[in-house]
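# Commentary on secondary and tertiary structure
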Protein chains: 2
Amino acid sequence: MDSTDAKILKLLQTNARRTIADIGKLINMTQPAVKERVRKLEEKGVISSYGASLSPSKLGKETTAFVLFQTNSCEKFIDFCESHPDVIDLHRISGQHNYLVKVVTESTRSLDEFTDACGQFGFSTSLIVLSTPFEHKPLLPNNVEV
Amino acid sequence: MDSTDAKILKLLQTNARRTIADIGKLINMTQPAVKERVRKLEEKGVISSYGASLSPSKLGKETTAFVLFQTNSCEKFIDFCESHPDVIDLHRISGQHNYLVKVVTESTRSLDEFTDACGQFGFSTSLIVLSTPFEHKPLLPNNVEV
DNA sequence: CCTGAAAATAGAACCGC
DNA sequence: GCGGTTCTATTTTCAGG
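Read on for an overview of the structure. (Residues numbered from 1 in each chain as written. Chains lettered and ligands numbered in written order. Predicted model: local features only at pLDDT ≥ 70, side-chain atom pairs only at ≥ 80, totals over all residues. Heavy atoms only, no water.)

### A word on the side chain of Q13 of chain A
Definition in use: Strands are runs of DSSP state E lasting at least 2 residues, helices are runs of H or I lasting at least 4, and numbering of each runs from the N terminus. Whether two residues are in contact is decided by their heavy atoms, any of which lying within 4.5 Å being enough.
Position of Q13 of chain A relative to the elements: it lies in helix 1 (residues 3-14). Setting aside its immediate chain neighbours within four residues, Q13 of chain A contacts P138 and L139 of chain A together with Y50, G51, A52 and L54 of chain B.

Right, dumping it as structure tokens:
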């Protein structure tokens, strides 16, 4: 993991659909060299996946919330979240609450339905997202210049 | 926004580096047709960006936390978070706390340094992530079969 | 790192609802 | 006119030397 890898990672995090050749031009490196580095970064698991970010509002999802949850039926709650289409992230956390759930849904009405449905597993507190100054900022390796 | 768009969006969210031609094969559509749909989805802002997800632990970042924050200096706090390399997401939220900050950092030690540095702006509560059953689940359009 | 074959892309011309 | 297909020139990928 050197500064070249860091540059490649930054470029891929910024725009995953960039071509290998394009990355090569930007960092003054030949295409096979870049390709080989990307292959190794994927193989080592440094790069875990490539994804597209969608605009929730353009999909008719006007409400985003973080739901803090307290439950004893962890297995069942995980399965419930896994299969619920509005649940985007699920984290187990320290503190009074066991879980932090990110929910992207149609409206406060549908959020209400979600928390109601959760009721069978435990207790929730919802934090409604009013705005998001930024999100998914690129992750940089420690101790490396970019 | 029809079921074909929904399929394309799902495939791109799952793997943004898939080729247009490959997507075409999977949904039985020619390459220019897929290309045109993707172009429109980008133009309309339904697709906001393409990114790579990295493994924090492979980058030497062993601690992830959500920090709830209460402040009066919103502008300054946003700038601080924006320029801090360990802050990945920043959301303004309802409730007693103003902000929810996702932090990915080296250790609990460096998390401690972060919250100390935040101290000048207000008060924080940290929720340490113990595990993440899943994250970045694909967003599906409302009322459309995939 | 270079090279050449194979694949993917971008664009034009055309067709049918 | 919109959304789809085919065809083609160009670019990108990828494997072998």
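### Re the relation of the copies chain A and chain B
Rules: To line up the copies, we fit them by least squares on C-alpha atoms, keeping just the residues with pLDDT of at least 70 in both.
For the pair chain A and chain B, the best superposition has an RMSD of 0.1 Å and corresponds to a rotation of 180° with a translation of 0.0 Å parallel to the axis. What we have between these two chains is a two-fold relation. Interface residue correspondence from chain A to chain B reaches 100%, placing this contact among same-surface, isologous pairings.

### Considering the nonpolar core
Stated formally: Nonpolar cores are built from buried Ala, Val, Leu, Ile, Met, Phe, Trp, Tyr and Cys residues. Side-chain atoms within 4.5 Å join them into one set. Accessible area is worked out with a 1.4 Å probe on protein chains only. A residue is then buried under 20% of its type maximum, exposed over 50%, and partly exposed in between.
Within the largest apolar cluster, 40 residues are counted, with the highest numbers of intra-cluster contacts made by L12, I47 and Y50 of chain A together with L12, I47 and Y50 of chain B. Among the elements of the structure, helix 1, helix 2 (20-27), helix 3 (31-43) and strand 1 (47-54) of chain A together with helix 1 (3-14), helix 2 (20-27), helix 3 (31-43) and strand 1 (47-54) of chain B are those that each provide at least two residues to this core. Within the second largest apolar cluster, 17 residues are counted, among which are C81, V103, L111 and C118 of chain A.

### Observations concerning the interface of chain A and chain B
Heads up, the condition is: Buried area adds together the accessible area that both of two parts lose upon being put together, with accessible area traced by a 1.4 Å probe. Residue polarity is assigned by list, with Asp, Glu, Lys and Arg as charged and Ala, Val, Leu, Ile, Met, Phe, Trp, Tyr, Cys and Pro as nonpolar; anything else, Gly included, falls into the polar class. Paired strands, as defined in this entry, are two strands with at least two bridges between them according to DSSP.
The interface of chain A with chain B comprises 61 residues on the first partner and 61 residues on the second. Of the roughly 5,700 Å² buried at the junction of chain A and chain B (both faces included), carbon and sulfur atoms supply 58%. Interface area lost by chain A to chain B is led by R17, F134 and L139 of chain A, which between them contribute 13%. Of all the elements in the fold, those that place two or more residues in the side of chain A that touches chain B are helix 1, strand 1, strand 2 (63-71), helix 4 (74-83), strand 3 (87-93), strand 4 (99-105) and strand 5 (122-134) of chain A. Residues of the side of chain A that touches chain B, tallied by class, amount to 31 nonpolar, 18 polar and twelve charged. With three bridges joining them, strand 3 of chain A and strand 5 (residues 122-134) of chain B adopt antiparallel strand pairing. Within strand 5 of chain B, the residue paired with R92 of chain A across the bridge is S131 of chain B.

### Regarding the packing of helix 1 of chain B against helix 3 of chain B
Helix-helix packing is characterised by the crossing angle of the two axes and by the distance between the axes. Residue and element names in this part refer to chain B. To keep it simple, the criterion reads: Angles run from 0 to 180 degrees between N-to-C directions of axes, and those axes are lines fitted to C-alpha atoms, restricted for helices to the stretch in contact. In these notes the angle categories are as follows: under 35 degrees is roughly parallel, over 145 is roughly antiparallel, 65 to 115 is roughly perpendicular, and the rest is oblique.
Where helix 1 contacts helix 3, the two axes come as close as 11 Å, and the packing angle between them is 80°. Between helix 1 and helix 3, the interaxial angle falls into the category roughly perpendicular. Taking contact as the criterion, the partners of T4, D5, I8, L9 and L12 in helix 1 are, on helix 3, V34, R37, V38 and L41. Its residues assigned to classes, the contact of helix 1 with helix 3 shows six nonpolar, one polar and two charged.

### Observations concerning the pattern of salt bridges
Residue and element names in this part refer to chain B. Rules: Definition used for salt bridges: Asp or Glu carboxyl oxygen within 4 Å of a side-chain nitrogen of Lys or Arg.
One pass over the structure, following the stated rule, counts 18 salt bridges over all chains. Between D5 and R37 there is a salt bridge; the shortest N-O distance is 2.9 Å. Within this pair, whereas D5 is found in helix 1, its partner R37 is found in helix 3, the two being separated by 32 residues in sequence. When its relative accessible area of 8% is taken as the criterion, D5 is described as buried. Using a relative accessible area of 24% as the deciding quantity, one classes R37 as partly exposed. Across the pair E36 and R39 runs a salt bridge, and its minimum N-O distance is 3.0 Å. Taken together, the residues E36 and R39, both in helix 3 and three residues apart, mark about one turn of the helix.

### Observations regarding the protein's contact with DNA strand C
Formally: Neighbouring residues are identified by heavy atoms, a residue being near a molecule or strand if any of them is within 4 Å of it. Here a polar contact means two N or O atoms within 3.5 Å. Within protein one must be a hydrogen donor candidate and the other an acceptor candidate, and residues neighboring in sequence count only if both atoms are side-chain atoms.
With respect to spatial proximity, the complete set of residues near DNA strand C consists of T30, P32 and A33 of chain A together with T19, I20, A21, K25, Q31, P32 and K35 of chain B. Each atom of DNA strand C within 4 Å of the protein was classed as base or backbone; sugar and phosphate made up 72%. In this structure, A21 of chain B approaches DNA strand C through a main-chain N or O atom, which is 2.9 Å from a phosphate oxygen. Taken together, the elements giving at least two residues each to the surface near DNA strand C come down to helix 3 of chain A together with helix 2 and helix 3 of chain B. Among the residues forming the surface near DNA strand C, the class breakdown is five nonpolar, three polar and two charged.

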